[in-house]
Structure formats: C-alpha cells, structure tokens
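Observations on the model geometry
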Amino acid sequence: MGMWTNFCYGICTIFLLFNWVWQSVGASTIERLPPPTNITFQVNMFAVEWKWKKPENLGDYTYCTDKYKCELLIGGSMHKTHDNCPSNWKIDFGSVDLNQAIGLNVMVYPHCNGSKVIKWSSKTIHLAKGDPGTSVTNFTCVWYNKEYMNCTWLPGKHSPPDKKVTLYYWLENSAVKENLFNLTQIEPLLSSGATCPQYIYENGVPLGCHFKAHHAPKDDNKYRMMVTDSSHTIRPYIAEVRVIDLLKLRPPTVNATRTVNSSILITWNPSDAVPIRCLTADVEVTASNSAKPDNSLVPAALRKEIPNVLPDVDYTIRVRVSEETFCGKINWSDWSEKMTLLGERSNNTLYIVLLILTPLVVTVATIVLLIYLKRLKILVFPPIPNPRIALKNSFGDPAEFQQWIKYGKVPVCNKTPKEEICSVILL
C-alpha cells in the first residue's frame, strides 16, 4: 500500500514538472504584439474619425503588416466591427444614440507569422457629459402638413428652474460631414450649427422650438439636434430627426350619404401635402345599435362604401389620414369632425309621444282641479238665493210690510240710514 502511494506521488510530481517546463519553453517562443498607441479622434454630429500610431518595432515581427482590427462600441455594446481598418478609420454615426458613450477598440491585424498574444488599445469619448437628471426629456418633433415643424421638450428633474436652454441643429450634408472638430472645447462644434429661430415659451421658460415656413425642412432632410445651456451645467440632449418620420397631415373633410342600395358612401378630400398614391385613410364607423366602432384602412383612395346598412340605424363617421409606409413612416393626423347619418323614423313615433304625453296631461289637469276645486264647485253648483233676504232687500222690514198691507200707510221708501262718523287721524 505504501509503495503504491509513493509511486503515484512520483508520477504526479513528474507530470507537474513536465507541464511547467513545457509552458516555460512555449512562453518563450510566443511573440507578444504591442498595441497601437496615441489614439486620437475628430468628430461632428454625423461622423467620427479615429487615428492612431502603429506599435513601435512592428517591423521586427515576421509577416506583420500595417493593418488593424477595429471595434466600435456604443454605450458599452458592440455596434460595428472592421477586420481590416486603416489607421484613420472614419465612421458615419447613422442612427447611433449620441447620448451614450462612444468607444473604440483597436489592435494589430492578427495575421502575422506564428502564435501571437495580441493586446487591444481603447478610447472612449462622450458628446453628452454631465448629470443625466439635468438633461431635457420627452423630446419630440412634429412636421405639420409639410408647412412648419415644432420640437418640444420638458426640463430634467434635476435641472435648475431658472436655467434657459438653447437648441442647436445641423442639417446632414457632405460639407457638414467633412468639417470635423476636436472635443477639447465644444464651442467650435456648437458654433458650426444653427440655433432655434423661434422658441415656444411656457411661463417664461423655453420648452420648444417653432420652425416657420421658410425654415421648414424637406422630405429627405435629416437633422441632428442638441439642447443644452450656454454654461454647460445642463447635460446636452442629442436627437436624430428624420423629417419623413415626423409628418402629421391635416385632418380631412368628410362627406357621407346613403345610397338606394342600402349602403353608405363615404368620401373625403385629398391632402395638399401627399399624393393620393401615398395616402392611407383610417375610416371609423359607429352604429347607434353597437357600442364598438368598426375601423378599416383604405389605401390610395378617397372613398369607401359601407354595404348592407340598416335604414333605421344612425351611423357616426370620422376619418384620419397618414402616408403609406413605402413613402415614409409618419404619424396619423387628428380625426376629422364627426358626421352622423340619421336613420329613418317609423310612424310609431307619434304613438309613443302620445303615450308619454297623455299621463302627463292628466296629471297636470288633476293638480289644477285640486287647486281650483272651490271655484269649480261654485261654477257647477251655484248657491240658491234666500227669499227672506231678497224680500228684505226689496221691501225693508217684513213687519212694516205686513203693516203696510193692513193699513196701507207705511211709507214704502226705506229710512235714511244713519251715517257713521269716523275721526281723522293724522299720520
């Protein structure tokens, strides 16, 4: 047992010793390629150009050439790779979110003779620096009927309440792309752009920018916009604005009629900003006997017929329009004004009205009779006159009448009534 243990121990020792010798010999034969040095860059709002120097003594390595492998990182995630990039690699940003960090990894092209240990060189730049809580939020732009454009935003939750911001914008073109800047100072980059022509204020604070007709963009325009303050205490917010994605058309004018074949013909006016072939309409029809509207998309047309409608049902119609996807992705317009087509009313309506009004009239009449019952009683049953009172009024006291009959000497005329004298009181 002890001999077997010693034998295993010896084998393991020999194996470990052999492995150490092998690694030492192998490591001495592996060439370690040095990384590129002195990475610099120049940038504008649409592109960045990276430059670096090749490693010193690169020519000492067999079959190594002055070529490199590059990786572009956006926000720490891989965005683009290039297996054979030159030492001045220029990249268009495209739709990259420039509010995130932009990084570069570069190393010597790995196809050299023999096994190599390759090191990366890295560089990171930030176009938007500062506290993210100070940056504006909810930045949106709308291009209204190709007539004017509004861009709006809200202040950041950590932004000073009295801090006024400035909107800078750049139109993408070849001249702007060629004009590159170092970021040691951001003012030259900002001065290369234009500023907002007319701000939209709320309580004295600029919360938007209005581009009038002569500043309105074209269909194929692409902008980069930055919102920041002059003292750079607010973190810049950078947005890519593709105009064709922002178009919002004017709501259409709708007309609808019933036809003789139990259908509804709906028409609307064409857009003055988009050709009919690029227009899509969303037609919404709501019947009075249904709480759920019926929507249908109508491409490249200005009319729609709704078949098999009921003659005694009301229909409410509204339409909104947008542009076809192949012409550009845009927003829906606002809904048109609602139009209601009334259904036929049957003769039973009169009977229903009478059925409702009859009890009402009876009730009112009963109340009136109860109030004026005393007067009604006098009219229906007039009082019978008392003959005694009538005779007294005509002939005076009955005793005198009897005396007149017996003696015939009682004067017929009544005695002069005694006047009642009231004293005058001065007020």
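Up top you'll find the structure we're talking about.
In this report, the structure presented in the accompanying data block is examined.

What counts as what
- Residues numbered from 1 in each chain as written.
- Predicted model: local features only at pLDDT ≥ 70, side-chain atom pairs only at ≥ 80, totals over all residues.
- Heavy atoms only, no water.
- Phe/Tyr/Trp six-rings, centres within 6.5 Å; stacked < 30°, edge-to-face > 60°.
- Helix = DSSP H or I, 4+ residues; strand = E, 2+ residues; numbered from the N terminus.
- Lys NZ or Arg CZ within 6 Å of the ring centre and 35° of its normal.
- Pairing = 2+ DSSP bridges.
- Disulfide = S-S within 2.5 Å.
- Buried < 20%, exposed > 50% of the residue type's maximum accessible area, 1.4 Å probe, protein only.

Points about the packing of aromatic side chains
For any pair of aromatic rings, the description rests on two quantities: the centre-to-centre distance and the angle between the ring planes. As enumerated under the stated definition, the model contains nine aromatic pairs in all. Measuring from centroid to centroid gives 5.3 Å for Tyr169 and Phe211, while their planes differ by 80°, and the two rings are edge-to-face. Of this pair, Tyr169 sits in strand β12 (residues 166-171) while Phe211 sits in strand β15 (residues 205-211); the two residues are 42 residues apart in sequence, bridging distant segments of the chain. An aromatic cluster of at least three residues, connected via ring pairs, comprises Phe139, Trp153 and Tyr237. Directly above the ring of Trp335 sits Arg318, whose terminal nitrogen or CZ lies 4.2 Å from the centroid.

Description of the pairing of strand β24 (residues 315-323)
With nine bridges connecting them, strand β21 (residues 279-287) and β24 associate as antiparallel partners. Residue pairing in the sheet places Glu284 in a bridge with Arg318 of β24. Here β24 runs beside strand β25 (residues 339-341); their pairing, made up of three bridges, is antiparallel. When the sheet's bridge partners are listed, Ile317 is paired in β25 with Met339.

Regarding the state of the cysteines
Applying the stated criterion across every chain, the model contains three disulfides. Each disulfide pairs two cysteine sulfurs, and for Cys196 the partner residue is Cys209, the sulfurs being separated by 2.0 Å. Between Cys196 and Cys209 the sulfur-sulfur dihedral comes to about 105°; the bridge is accordingly right-handed. Residue Cys196 is located in the loop between β13 (194-195) and β14 (199-202), and its partner Cys209 is located in strand β15; the two are separated by 13 residues in the primary sequence. Classification of Cys209 by relative accessible area gives buried; the value is 0%.

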